[in-house]
Structures are given as structure tokens and as C-alpha cells.
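The primary structure of each chain is shown beneath.
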Amino acid sequence: MRRFGHEVEVFDREGVQAEVASPLYRGGIWDKTDSAILDPGKLADGLRRAAHAQGVRIYEHSEVTAIGEGQVRTAKSVVKTDKTLLATSAYKPLLREMGRYIAPVYDYALMTEPLSEAQQQSIGWRNRQGVGDGANQFHYYRLTQDNRILFGGYDAVYRYGGPVEPQYDDYDQSFAMLSQHFFTNFPQLEGIRFTHRWGGAIDTCSRFSAFFGTAHNGRTAYATGYTGLGVAATRFGAQTALDLLDGKRTEATQSQYVRSKPLPFPPEPLRYAVIELTRRKLDKADKNEGRRGLWLKTLDKLGLGFDS
Ligand SMILES: Cc1cc2nc3c(=O)[nH]c(=O)nc-3n(C[C@H](O)[C@H](O)[C@H](O)COP(=O)(O)OP(=O)(O)OC[C@H]3O[C@@H](n4cnc5c(N)ncnc54)[C@H](O)[C@@H]3O)c2cc1C
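Here the structure is a predicted model, which is why all the values come from computation and not from measurement.

A. Spotlight on the domain arrangement of the chain. As far as domains go, the chain holds domain 1 (2-33 + 103-204), domain 2 (47-102 + 206-259) and domain 3 (270-301). Summarising the inter-unit geometry, the C-alpha centres of domain 2 and domain 3 are found 31 Å apart.

In C-alpha cells:
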């Protein structure tokens, strides 16, 4: 990371415990370059206000059911369009082509009640870093402004056929597992209560980073496939997709990264089988000091996954 210009601190067991106290930690890396934590709800609200100030009109509760060249169809009307940018994430793709590359994978998170002074002291965390563990199936956690802990990740749930429905935002099994992991991570917080829980679908693609495309003679463009890392990356993704719509030749639109697509997922029932198999193999590697078996090594060689 230093070679690529990052200011990084590397911790041994004592060093990492002095930052955040968990009996699980054996070492850590603190990346101090270009990182920040934000509340994505407030970000969305701020973006909405900024858009309104620019004269943008936002129509909520207006599901687009179909799209064609020069028009967008909702349940109640057909809207004539000059250009259309699709930023529909893991929701049902409006172009068949997008669906080949995306699988909606659910991720879940818990939020504790605010920590007492004693609880805060028991974990340290005075520098309030965003924390993630280094496993394939990783947890991420952050302190909020009012000193709650947001704890999520690990379980990545793909359901057969890839449905995205509000009923899947709640999933007892994942929350039970997360809460168990939370107390293994911070046993000194035993007894703390969780006040909130939620989940959502992640637009997962096989290269684990956004991809782009155009349709309808260049009048429609899309950016999707952020694979759970879209809060910052959507800024780049939106700009790039807008430039594609305008036919601009920029460093990004000309790059191999933007011009290429991830490897498509196979259709069902193979899609479910391949995703489940990969999840199981990742779990196995995590339980085996990270050693990757033949299946994961093959995916790595093909440039699929986080190492792509
Ligand atoms: C539990 C969870 C934790 C996450 N944690 C992180 C994290 O720590 N860091 C990070 O960088 N990213 C994280 N992500 C991912 C991040 O939230 C997404 O990558 C990002 O929000 C994607 O932004 P977007 O604008 O592409 O899509 P979204 O913010 O999902 O917006 C898509 C919008 O399109 C609308 N839409 C879809 N289809 C239609 C249609 N047919 N008609 C009309 N409207 C439609 C939807 O209603 C929605 O408003 C997390 C995601 C989840 C679910």
C-alpha cells in the first residue's frame, strides 16, 4: 500500500489492541489515506437537496416498468426522453443485458444502543476508525456520532432467481449469526442491546466493481455492479455513465476498465449452484487460515472476485 502512496501504520497484537480491544485481533493495518466514514442516509438527503437546488425534479414512487429508445414507461404513463441513465443497482434490470452480469446478494447489519462511558473505555477505539476484518466473508463496523456500533457483513445471501423484495430486508438467521459474531468480537460488551437491524440487496458482479454499458443507439447508459462498495464509487460511476451518454472521450470512457464487462453469471439453476459453491469455498478458506482450494484458485486465475 505504501508503494501506491498510502500512509499506513502496521500493528502487531499489542499495537492493534491499543487501538481497538478485541481478543480476536492478532494484528492490523491502519490506512490513513483518503478514507472517511459517512452516514449514507445523510449523503442521499444532501444529494437530493443539491439536485433540487439545480432545478432537478425527482419523482418518487414511480416505478419504471420498461424502457425503449426515447421513452420510459411507468404503470401510469409513458415519458418521452432524450437520454436515460439507469442507476438501478440490484433491482430488477430494465435491460436484459444488465441481468446477465448482476446477482442481487443480500447483506445485513445491526446497530447497538449508545455505549456507556465504561463500555467505550473497554474497547478503546478513541481514533474512531472504520474497521473491517480481513476474511473473505468479512465484517465491517463503525462507531456512529452518538457512540453506537454499526456491525454488519459476513453473511452474503443469494436467493434462487435473485428476487429483490422488501420482505428480504429482514432475515432472522443472518441477524442471529451477526449478533453471535459481535459478542465473540467484543465479549466485554456482553448485555448491550441491538436497537436497529436492516439489510439490502447488493448489485454483485463477477469482477466486484462497477461496469458500464449503453443501449438504444447510445441514448440509454447504465452504471451498476458496485458489489457493496458503491458509496464513494457511484460518484465516479455516475460521471462516467453521463460522459458515455454524451459521447465524450475521456480517460475513463476510453479505458479498458470501462469498455470491458465482467464475466456473465450463468442462468439458473447453475447461477445459484455456482454462487453457493463459491460462498462455501470462501467459508472453508476462512476456516483454514485463508488457504484457497482449487475452485477459488481457478476463479482467481480467471480474474473473478475481489482479486480481479
Ligand atoms: C447493508 C448494506 C451495506 C452496505 N455497506 C456499504 C459500505 O460500507 N460502503 C460502501 O461503499 N457501500 C456499501 N453498500 C453498497 C452501497 O449502498 C451501494 O453500492 C450504493 O448505494 C449503490 O448506489 P446506486 O445509486 O447505484 O444504487 P441505490 O442507492 O441502490 O439506488 C438505486 C435506486 O434506483 C431505484 N430503482 C431501481 N429500479 C427502479 C425502477 N424500475 N424504477 C424506478 N426506480 C428504480 C431504487 O428505488 C433506488 O432508489 C452497502 C449496501 C448494503 C445493502
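B. Broad picture of the sheet that holds strand β4 (residues 71-74). Taken in spatial order, the three strands of this open sheet run β3-β4-β5, and their pairing is antiparallel. A strand with exactly one partner marks an edge of an open sheet, and here the two such strands are β3 (64-68) and β5 (78-80). Mean inter-strand twist for the sheet, computed between neighbouring axes without regard to direction, equals 20°. Across four bridges, β3 lies against β4 in antiparallel orientation. Its bridge partner being in β4, Val64 is matched across the sheet by Thr74.

C. Just the site of the ligand, in detail. Close contacts around the ligand come from 18 residues, with Val64, Ser89, Gly228, Gly230 and Val231 the closest. Between the ligand and Gly230, the relevant distance is 3.1 Å, taken from an oxygen atom to a main-chain nitrogen or oxygen of the residue. At a separation of 2.9 Å, an oxygen atom of the ligand approaches a polar backbone atom of Val231. Look at the ligand: alone it shows 1000 Å² of surface, and the protein chains cover 64% of it. Mapped onto the shell around the ligand, the elements with two or more residues apiece are β12 (194-204) and α6 (230-245). The element that contributes the greatest number of residues to the shell around the ligand is α6, accounting for three residues. A class-by-class count of the residues in the shell around the ligand yields nine nonpolar, seven polar and two charged. Looking at which domains feed residues into the shell around the ligand, each of domain 1 (2-33 + 103-204) and domain 2 (47-102 + 206-259) supplies at least three.

D. Layout of a nonpolar patch on the surface. Taken together, Leu38, Leu43, Leu47 and Val231 make up a surface patch of nonpolar side chains, about 340 Å² in accessible area. Checked against the element boundaries, Leu43 lands in helix α2 (residues 40-53).

E. Inspection of the packing of aromatic side chains at higher detail. Evaluated as defined, the whole model comprises 19 aromatic pairs. A centroid spacing of 5.8 Å and a plane angle of 90° characterise the contact between Tyr141 and Phe186, whose relative ring orientation is edge-to-face. In this pair, Tyr141 is assigned in strand β9 (residues 139-143) and Phe186 in the loop between α5 (172-185) and β12, connecting sequence segments 45 residues apart. For the pair formed by Tyr141 and Phe186, the shared burial category is buried.

F. Structural view of the environment of Leu85. When you line up the elements, Leu85 lands in strand β6 (residues 84-86). C-alpha separation for the pair Leu85 and Ala221, spaced 136 residues apart in sequence, amounts to 5.0 Å. In contact with Leu85, other than residues within four places in its own chain, are Ala221, Tyr222, Ala238, Ala241, Leu242 and Leu245.

G. Just the sheet that holds β6, in detail. Pairing in this open sheet of three strands is mixed, and the strands run β6-β14-β13 from one edge to the other. Strand pairing shows two members of the sheet lacking a second neighbour, β6 and β13 (211-215), which therefore form its edges. Within the sheet, the average angular offset between the axes of one strand and its neighbour, ignoring direction, is 20°. For β6 and strand β14 (residues 220-224), the ladder comprises three bridges, and the chain directions are parallel. Counted as the bridge partner of Leu85 is Ala221 from β14.

H. Spotlight on the pattern of salt bridges. Within this structure, the stated rule accounts for 15 salt bridges. Residue Asp146 is joined to Arg148 by a salt bridge in which the shortest nitrogen-to-oxygen separation is 2.9 Å. As a salt-bridge pair, Arg279 and Glu276 come within 3.2 Å of each other at their nearest N and O atoms. Of this pair, Arg279 and Glu276 are both found in helix α9 (residues 270-286), three residues apart, which corresponds to roughly one turn of the helix. Among the ionic contacts, a cluster of salt bridges with common partners joins Asp45, Arg48 and Arg49.

I. Representation of unusual backbone geometry within the structure. Going from Glu268 to Pro269, the amide bond is cis rather than trans, its omega being 5°. With a phi close to 55°, Asn217 is a non-glycine residue in the positive phi region. Along the chain, Asn217 turns up in the loop between β13 and β14. Residue Asn217 is classed as exposed on the basis of its relative accessible area, which comes to 71%.

J. Structural context of the side chain of Thr220. Checked against the element boundaries, Thr220 lands in strand β14. At a separation of 2.9 Å, a polar atom in the side chain of Thr220 contacts the side chain of His216. Setting aside residues up to four positions removed in sequence, Thr220 forms contacts with Ile67, Thr84, Leu86, Leu95, Gly213, Thr214, Ala215 and Leu245.

About the cut-offs
Residues numbered from 1 in each chain as written. Predicted model: local features only at pLDDT ≥ 70, side-chain atom pairs only at ≥ 80, totals over all residues. Heavy atoms only, no water. Domains from an automatic or database assignment. Pairing = 2+ DSSP bridges. Helix = DSSP H or I, 4+ residues; strand = E, 2+ residues; numbered from the N terminus. Axes fitted to C-alpha atoms, helices over the stretch in contact; angles between N-to-C directions. Near = heavy atom within 4 Å. Polar contact = N/O pair within 3.5 Å; in protein donor to acceptor, adjacent residues only side chain to side chain. Areas by Shrake-Rupley, 256 points an atom, 1.4 Å probe, with all protein chains shown as cover. Nonpolar A, V, L, I, M, F, W, Y, C, P; charged D, E, K, R; others polar. Patch = residues over 30% accessible without salt bridge, like charges linked within 9 Å, V, L, I, M, F, W, Y side chains within 5 Å. Salt bridge = Lys/Arg side-chain N within 4 Å of Asp/Glu carboxyl O. Phe/Tyr/Trp six-rings, centres within 6.5 Å; stacked < 30°, edge-to-face > 60°. Buried < 20%, exposed > 50% of the residue type's maximum accessible area, 1.4 Å probe, protein only. Contact = heavy atoms within 4.5 Å.

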